[in-house]
Amino acid sequence: MALNFYNTLTRTKEEFIPIEQGKVKMYCCGPTVYNYQHIGNLKTFLFEDILKRVLIYNDYEVTHIMNITDVGHLVSDEDEGEDKMELGASREGKTVWQIAEYYTDVFKEDLKRLNILYPDVFCKATDFIKEQIEMIECLEKKGFTYRTSDGIYYDTSKFPDYGKLAKLDIEGLRAGERVEFSEEKRNPTDFSVWKFSPKDKQRQMEWDSPWGKGFPGWHLECSAMSIKFLGNHFDIHCGGIDHIPVHHTNEIAQAEACTGEKFVNYWLHGEFLNMGDVKMSKSSGDFLTLQRLIDMKYDPMHYKYFLLSAHYRTKLKFSFEALDAAKSGYDRLLTNILKIKNSVSKTSQSEQTNSEQNKFKSYINDDLNIPRGLAQLQQIVSSELSNEEKLFLIYEFDKIFGFGFKDAKDKPKDDIDIPSEILTLAEARIEAKKNKDFKRADEIRNEIKVKGFEVIDKKEGFEIKKI
Ligand code: AMP
Ligand code: ZN
């Protein structure tokens, strides 16, 4: 059965044809580890996990690489401002290396909690400085770079078709009408491949290079490391849609200029999770982590179910009402599945299960139509099929969803649900504390107590217990 993906490069749904038969090489841009990954970031990592599972379901052997950005990502993607890592370290009074390790560990734990399969390799940018320097040397030799007072820059006017991924209006940008850019840059879209360490300040992360002491530009790590692990030309590259106009555009420019070959065949991008009408982002400070949801007594699977109810290319608005609806939906589904599990000791296949399987595959192979697959699962659970057939399909479909139905067990009797009224109060208390209104925070704590619950502060968020 054909497998189709929407390719950002061509803006069309295309049949997936691998470079090497039976194998897929895939690179996904990983987290910048200066802070927690928020639940928006996790939407993108979940989409990538589903993509990988669908490839495996189609019998491909997948090599999956993910980078960990621990240097060089500046506050603005356009080479302005400080390095997010150095900023994060001074915010927390720790070294850059310490915060990188801490946030990488939390990120990996979040992946586990969402049953997201680990990539074959997690590669840290700081472990591959040599490869990045070699790539700059290659670009320099081919005449793509120039020097300014603060670094070595890539001259995007030298790369034909620079804006092909993002469909950028290069001429408009060149006319200088749309964006302001530093006087030393030759073109507004030029970007740094190497930044010099500031003269007046000691950076924690810096390396010697043929051009002077400094650190690599953010986009370089992904071009250099993907080529190192997957070769000059590979199948799939993904990330969130914010990467299209700058990061991925620059990755292509670097890689293709250096190797002279096509870099990637299929570019897949996940849409944003919004908080209200704006993108959830770390820089705004107004973001939620998975741990926070867990503190509020949501199961990571509730959040996963919420995400999977929308297509990966659909913008999704986060709200607690929507999460509550997902929670009820998932709990109901799980209860029914547990009943089925408890009633049979084996699974069985039949003509009907084959036909359901084919239907399911046609959905997921159609640019990962997971919402339809999920609706099909619901129908099957309440269908006329035998419980053994149902269970076969539940386990089969769960190879894609990754809810972990095989290991799911009945909830212990003492695992109580916290009423939403209590959760709302606890949230209001956090808000009061944030605004330094400690009197109000104490009042709310008492109010919660009167209603029979105790709120316990945690390093990140809170826990609620029944008194
Ligand atoms: P970062 O840690 O900022 O480098 O981002 C990690 C991944 O999350 C990247 O693929 C981003 O494109 C993606 N991302 C960032 N913000 C959001 C959001 N609000 N919703 C979905 N994905 C996002
Ligand atoms: Zn990247």
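As the structure is a computational prediction, the values presented were derived from the model and not from experiment. (Residues numbered from 1 in each chain as written. Chains lettered and ligands numbered in written order. Predicted model: local features only at pLDDT ≥ 70, side-chain atom pairs only at ≥ 80, totals over all residues. Heavy atoms only, no water.)

*Asks:* Would you mind showing me how to read the sheet that holds strand β11 (residues 264-270) here?
*Replies:* A sheet is described by the order of its strands in space; here five strands give the open sequence β5-β4-β3-β10-β11, paired in parallel fashion. Both edges of this open sheet fall to β5 (121-124) and β11, since each of them pairs with a single strand only. Pairs of neighbouring strands in the sheet enclose a mean axial angle of 20°, with direction left out of account. Where strand β3 (residues 23-28) and strand β10 (residues 234-240) come together, three bridges link them in parallel fashion. Bridge assignment links Y27 to a residue of β10, and that residue is H237. (Pairing = 2+ DSSP bridges. Helix = DSSP H or I, 4+ residues; strand = E, 2+ residues; numbered from the N terminus. Axes fitted to C-alpha atoms, helices over the stretch in contact; angles between N-to-C directions.)

*Asks:* Got a minute to help me understand the coordination of the zinc ion (ligand 2) in this structure?
*Replies:* Reference values for angles at a metal are 109.5 degrees in the four-donor tetrahedral case and 90 or 180 degrees in the six-donor octahedral case. At this site the zinc ion (ligand 2) is bound by C29 (SG), C222 (SG) and H247 (NE2), with donor distances of 2.0 to 2.2 Å. Sequence positions of the residues that donate to the zinc ion (ligand 2) give the spacing C-x192-C-x24-H. Of this pair, C222 sits in helix α6 (residues 218-230) while H247 sits in helix α7 (residues 244-259), and the two are 25 residues apart along the sequence. The pair formed by C222 and H247 is uniform in burial state, with each residue classed as buried. (Donors = N, O, S within 2.8 Å, 3.2 Å for Na, K, Ca; no water. Buried < 20%, exposed > 50% of the residue type's maximum accessible area, 1.4 Å probe, protein only.)

*Asks:* Where do I start with the state of the cysteines in this structure?
*Replies:* What we call a disulfide is simply a covalent bond connecting the sulfur atoms of a pair of cysteines. Under the defined criterion, the tally for this structure stands at one disulfide. C238 provides the cysteine sulfur closest to C28, a residue in no disulfide bond, and the two sulfurs are 3.3 Å apart. (Disulfide = S-S within 2.5 Å.)

*Asks:* Before we go on, may I ask you to explain the environment of T335 in this structure?
*Replies:* Take T335: it is sitting in helix α10 (residues 320-343). It is 9.6 Å that separates the C-alpha atoms of T335 and K409, two residues lying 74 residues apart in sequence.

*Asks:* I tried to follow helix α9 (residues 300-308) on my own but got confused; where do I start?
*Replies:* Three or four residues apart is the spacing at which side chains of an α-helix point the same way, because the helix has 3.6 residues per turn. For α9, the buried fraction is high: nine of the nine residues fall into the buried class. When we look at burial in α9, the residues that qualify are P300, M301, H302, Y303, K304, Y305, F306, L307 and L308. The opening residue of α9 is D299, an N-cap whose side-chain oxygen sits 2.7 Å from the backbone nitrogen of M301. (Polar contact = N/O pair within 3.5 Å; in protein donor to acceptor, adjacent residues only side chain to side chain.)

*Asks:* Mind showing me how you'd approach the side chain of D110 here?
*Replies:* Along the polypeptide, D110 turns up in helix α3 (residues 96-113). Those residues within four positions of D110 in sequence are excluded, and the remaining contacts are Q37, L42 and L290. (Contact = heavy atoms within 4.5 Å.)

*Asks:* When you look at the packing of helix α12 (residues 370-381) against helix α13 (residues 387-401) in this model, what are you seeing that I'm missing?
*Replies:* The description of two packed helices rests on the angle between their axes and on the distance between the axes. At a closest axis distance of 10 Å, the pairing of α12 and α13 adopts a crossing angle of 160°. What the angle tells us is that α12 and α13 run roughly antiparallel. α12 and α13 meet at a crossing whose hand is left-handed. Contacts between α12 and α13 involve I370, G373, L374, Q376, L377, I380 and V381 from the first element and K390, L393, I394, F397, I400 and F401 from the second. Along the lines of polarity and charge, the residues of the contact of α12 with α13 split into 10 nonpolar, two polar and one charged. (Parallel < 35°, antiparallel > 145°, perpendicular 65-115°, else oblique. Left-handed = near helix turned anticlockwise from the far one by under 90°. Nonpolar A, V, L, I, M, F, W, Y, C, P; charged D, E, K, R; others polar.)

*Asks:* Got a minute to help me understand the sheet that holds strand β14 (residues 316-318) in this structure?
*Replies:* Strand pairing within a sheet occurs via backbone hydrogen bonds; the two strands may be parallel or antiparallel. Sheet architecture is open: three strands sit in the order β13-β12-β14, paired in mixed fashion. Looking along the sheet, the strands with just one partner apiece sit at the ends: β13 (278-279) and β14.

*Asks:* I'm lost on the site of ligand 1 in this one. Help?
*Replies:* Taken together, 19 residues form the shell around ligand 1, and within it T44, D242, L273, M280 and K282 come nearest. The contact in question runs from an oxygen atom of ligand 1 to an N or O atom on the side chain of T32, over 2.9 Å. One nitrogen or oxygen atom from the main chain of G240 is found 3.1 Å from an oxygen atom belonging to ligand 1. Relative to its unbound accessible surface of 490 Å², ligand 1 loses 96% to contact with the protein. (Near = heavy atom within 4 Å. Areas by Shrake-Rupley, 256 points an atom, 1.4 Å probe, with all protein chains shown as cover.)

*Asks:* Looking at this model, I keep getting lost on the pairing of β11. Mind explaining?
*Replies:* On a regular strand, each side chain points to the face opposite its neighbour's, so the side chains alternate between the two faces of the sheet. Judged by how many residues are buried, β11 sits mostly within the fold: seven of seven residues are covered. What joins β10 to β11 is α7, and the crossover it makes is right-handed. (Right-handed = clockwise from strand over helix to strand, strands pointing away.)

*Asks:* Any chance you could explain the nonpolar core here in plain terms?
*Replies:* The nonpolar side chains of a soluble globular protein tend to be buried, and buried together. Ranked by internal contacts, the top residues of the largest apolar core, which has 142 residues, are L55, I236, Y303 and F405. Broken down by element, this core gets its largest block of residues, 10 residues, from helix α1 (residues 39-57). (Core = buried A, V, L, I, M, F, W, Y, C linked by side-chain atoms within 4.5 Å.)

*Asks:* What's the story with the domain arrangement of the protein chain in this structure? I'm lost.
*Replies:* Often, the extent of an interface is quoted as the loss of accessible area on bringing the components together. Here the domain parsing of the protein chain yields domain 1 (13-270), domain 2 (290-407) and domain 3 (420-466). Taken over C-alpha atoms, the centre of domain 2 sits 33 Å from the centre of domain 3. Each partner contributes residues to the interface: domain 2 has five residues there, and domain 3 has eight residues. Of all residues in domain 2, R292, D295 and M296 give up the largest surface area on contact with domain 3, accounting jointly for 69% of the area buried on that side. In this structure, the connection of domain 2 to domain 3 is made through one salt bridge. A salt bridge links E427 to R292; its shortest N-O distance comes to 2.9 Å. Inspection of the domain 2/domain 3 interface yields one residue pair in polar contact (both at pLDDT 80 or more). Residue composition of the side of domain 2 that touches domain 3, by class: one nonpolar, one polar and three charged. (Domains from an automatic or database assignment. Buried area = accessible area lost by both parts, 1.4 Å probe. Salt bridge = Lys/Arg side-chain N within 4 Å of Asp/Glu carboxyl O.)

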